[in-house]
Amino acid sequence: MVAAIRARGHGVENHSYSHPNSFALRGPGGLRKEILRAQEAIERSGGGRPSFFRAPAGIQNPWLAAVLAKADLSLVSWSRRGFDTVTRDGAGVASRLGRGLSAGDILLLHDGSSARAANGQPVVLAALPRVLDEMGRKGLRSEALHTILKKQERESCSS
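Residues numbered from 1 in each chain as written. Predicted model: local features only at pLDDT ≥ 70, side-chain atom pairs only at ≥ 80, totals over all residues. Heavy atoms only, no water.

1. Notes on unusual backbone geometry
Despite not being glycine, His19 shows a phi value in the positive range, around 50°. Structurally, His19 can be placed in the loop between α1 (2-7) and α2 (28-44). The class for His19 is partly exposed, based on a relative accessible area of 38%. Despite not being glycine, Asp72 shows a phi value in the positive range, around 60°. Mapped onto the elements, Asp72 comes out in the loop between α3 (64-70) and β2 (74-75). On the accessibility criterion, Asp72 (65% relative accessible area) is exposed. (Helix = DSSP H or I, 4+ residues; strand = E, 2+ residues; numbered from the N terminus. Buried < 20%, exposed > 50% of the residue type's maximum accessible area, 1.4 Å probe, protein only.)

Written out as structure tokens, the structure reads:
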């Protein structure tokens, strides 16, 4: 599945191996183990070598930067959060993400742990079409981080 996702041009990046709630409470060894285990699993599954890492729940600690540097990973996080894991209203999630949306924003949505609407559907399924419509109205489009990075590298080399 990971190889198929990559073949469609999507990025597969590191978010830890097991997404432990205690991630930010771990020392350097525990962080390293979670991060490197995920790197290896993604590579073995055909996802290539991840370049980016997002901390579980976005929570970091003082040891994370050094661990990421040794693993050759860049830390990324979201700039807009819809709270789709706790909000049962897709329109509300979409509104939260779309308000002030601009180029360069990184949106946080969940495909596996989205809250459920009253009809039992994951909230993300109601929110995402609305977010994409809003992006279209603003002339924005979605791109994978690895695609953006390659463009930036090409632009800096031609300067």
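From this point, the narrative continues.
2. Things to note about the environment of Leu107
For Leu107, the location among the structural elements is in strand β4 (residues 107-108). Separated by 25 residues in the primary sequence, Leu107 and Gly82 place their C-alpha atoms 7.7 Å from one another.

3. A closer look at the packing of aromatic side chains
Counted under the stated rule, the structure contains one aromatic pair. Between the aromatic rings of Phe23 and Phe53, the centroid separation amounts to 5.7 Å while the plane-to-plane angle is 35°, which identifies the pairing as tilted. One end of the pair, Phe23, is in the loop between α1 and α2; the other, Phe53, is in strand β1 (residues 52-53), with 30 residues separating them in the sequence. Here Phe23 falls in the buried class, since its relative accessible area comes to 1%. A relative accessible area of 0% means that Phe53 is categorised as buried. (Phe/Tyr/Trp six-rings, centres within 6.5 Å; stacked < 30°, edge-to-face > 60°.)

4. Brief notes about the confidence of the model for the chain
Per-residue confidence for the chain gives a mean pLDDT of 92, with 99% of residues at or over 70. By mean pLDDT, the top-scoring element of the chain is α3 (98), and the lowest-scoring one is helix α6 (residues 145-158) (77). (pLDDT = per-residue confidence, 0-100.)

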